[in-house]
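Observations on the model geometry
As a plain string of letters, each chain reads:
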Amino acid sequence: MTEKSAIIPATHTVPPARFSHGVRKGNILQVAGQVGFLPHVDGRPPTPAGPTLREQTLQTLENVRSVLEAGGAGWDDVMMIRVYLTDTAHFAEMNAIYDAYFEEQGLREAPAARTTVYVGLPDGLLVEIDALAVLG
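Quick notes on the rules
Residues numbered from 1 in each chain as written. Predicted model: local features only at pLDDT ≥ 70, side-chain atom pairs only at ≥ 80, totals over all residues. Heavy atoms only, no water. Phe/Tyr/Trp six-rings, centres within 6.5 Å; stacked < 30°, edge-to-face > 60°. Helix = DSSP H or I, 4+ residues; strand = E, 2+ residues; numbered from the N terminus. Pairing = 2+ DSSP bridges. Axes fitted to C-alpha atoms, helices over the stretch in contact; angles between N-to-C directions. Contact = heavy atoms within 4.5 Å.

1. Let's talk about the packing of aromatic side chains
Scanning all chains against the criterion turns up five aromatic pairs. Seen in terms of ring centroids, Trp75 and Phe102 are 4.8 Å apart; in terms of plane orientation they differ by 90°. Their pairing is edge-to-face. Of the two residues, Trp75 sits in the loop between helix H1 (53–70) and strand S4 (78–85) while Phe102 sits in helix H2 (residues 91–105), which places them 27 residues apart along the sequence.

As structure tokens, this is what we get:
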């Protein structure tokens, strides 16, 4: 039986509860919901990348990428991405940011994706993204 292992990149804060930023078991890597916090700095609380959807979405995607890489995966291994927005008015802007980001990444095949509105994010956070990757 394959052991599962927690993935916590050095750029991320230790989660505030008993969960991991990602979990890998065999060739499956689940990235937990990431938000647009800047890389962790000791002694500083988590800080959003900025107030705009663009700033937060780009940082959130980079945070997902860092968990993928720490788990031995990359964007081409991602099968499913789920995006959670706090405002329905952000759909078009997020899609444009998302498309441009993945074009810059040179993604060969787009993963399946789902976007929904979720109003339970902490105050000031506009987007959360999780991903499921299958390696090999």
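2. Quick word on the sheet that holds strand S6 (residues 127–134)
As summarised here, the arrangement of the six strands in space is S1-S2-S3-S6-S4-S5, forming an open sheet in which the pairing is mixed. Each edge of the open sheet is held by one strand with a lone partner, namely strand S1 (4–7) and strand S5 (112–117). Across this sheet, the average inter-strand angle for adjacent strands is 10°, counted without regard to direction. Pairing of S1 with strand S2 (residues 22–25), which is carried by four bridges, proceeds in the antiparallel orientation. For Ser5, the partnering residue across the bridge sits in S2 and is Arg24. Relative to S6, H1 is tilted by about 25°, and along the sheet it contacts S1, S2, strand S3 (28–34), S4 and S6.

Function-wise, these values are silent; they only describe arrangement.
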